[in-house]
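Spelled out from the first residue to the last, the chains are:
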Amino acid sequence: MARLLQVFGFSRPVRGATLTFQSLAVGGVVFLIFVVRTNKEDSAAAPAKLVCADSAFAFALAVMQISYVLANSLILRQSAEMTLREVLGANFVLAGLMGVAAAFTVVALTTSTRAAGYSDLLVPAAAIIVLP
């Protein structure tokens, strides 16, 4: 039981970090699409740095989301004595995995060089916001 409480204590700061990186990653996408696109006077270096930072925030979000899902899965398994298959079918696990996939999609789309805009980042950014 003491181990369960340690895992639960770890889960709360990880959730806070998840929400922080979620805000930074989606905010970076929105900034890229609506501010950088409309401001033609910026140099090419500023958007490149912003894209790199947004990619890092999305990667950190994916890591934190994985940690959060693992911690809550351990809590659920030990407290309810569920099997791994039952835990993997829980809604928070499925939503967390979709959030991880959306975060890695943002990472993949921001690492490539592009001549066009960043409007294709709106769908994974919306998925990051919609999924808990």
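Since this is a predicted model, take the numbers as computed values, not measurements.

With respect to helix α4 (residues 91-111)
End to end, α4 covers 30 Å across 21 residues, agreeing with the expected 30 Å (1.5 Å per residue, within 8%). Taken together, the buried positions of α4 are occupied by Val93, Ala95, Gly96, Gly99, Val100, Ala102, Ala103, Val106, Val107 and Thr110.

Details of the packing of aromatic side chains
Evaluation of the coordinates by the stated rule reveals one aromatic pair. Cation over ring: Arg15 sits above Tyr68, and NZ or CZ is 5.1 Å from the ring centre.

Observations regarding the side chain of Asp54
If you trace the backbone, Asp54 turns up in helix α2 (residues 45-80). Judged by relative accessible area, which is 1%, Asp54 ranks as buried. Ignoring sequence-local partners within four residues, the contact set of Asp54 consists of Leu24, Ala25, Gly28, Val29, Leu32, Val106 and Thr110.

Looking at helix α5 (residues 122-130)
Within the span of α5, buried status applies to Pro124, Ala125 and Ile128. Projected down its long axis, α5 carries its buried residues within an arc of 105°, all on one side. Opposite its buried face, α5 presents the exposed residues Val123 and Val130, each directed more than 90 degrees away.

Things to note about the nonpolar core
In this structure, Val29, Leu32, Val106, Tyr118, Leu121 and Ile128 are the most contacted members of the largest nonpolar core, which totals 19 residues. The set of elements that each furnish at least two residues to this core consists of α1 (2-36), α2, α4 and α5. The leading source of residues in this core is α1, at six residues.

What to know about the packing of α4 against α5
The interhelical angle for the contact between α4 and α5, taken along N-to-C directions, is 150°, at an axis separation of 8 Å. Judged by the angle between their axes, α4 and α5 are roughly antiparallel. As α4 packs across α5, the resulting crossing turns out to be left-handed. Where α4 abuts α5, its residues Ala102, Ala103, Thr105, Val106 and Leu109 lie against Pro124, Ala127 and Ile128. Split by residue class, the contact of α4 with α5 holds seven nonpolar, one polar and no charged.

Scoring rules and cut-offs
- Residues numbered from 1 in each chain as written.
- Predicted model: local features only at pLDDT ≥ 70, side-chain atom pairs only at ≥ 80, totals over all residues.
- Heavy atoms only, no water.
- Helix = DSSP H or I, 4+ residues; strand = E, 2+ residues; numbered from the N terminus.
- Expected span 1.5 Å × (residues − 1).
- Buried < 20%, exposed > 50% of the residue type's maximum accessible area, 1.4 Å probe, protein only.
- Phe/Tyr/Trp six-rings, centres within 6.5 Å; stacked < 30°, edge-to-face > 60°.
- Lys NZ or Arg CZ within 6 Å of the ring centre and 35° of its normal.
- Contact = heavy atoms within 4.5 Å.
- Arc of directions from axis to C-beta.
- Core = buried A, V, L, I, M, F, W, Y, C linked by side-chain atoms within 4.5 Å.
- Axes fitted to C-alpha atoms, helices over the stretch in contact; angles between N-to-C directions.
- Parallel < 35°, antiparallel > 145°, perpendicular 65-115°, else oblique.
- Left-handed = near helix turned anticlockwise from the far one by under 90°.
- Nonpolar A, V, L, I, M, F, W, Y, C, P; charged D, E, K, R; others polar.

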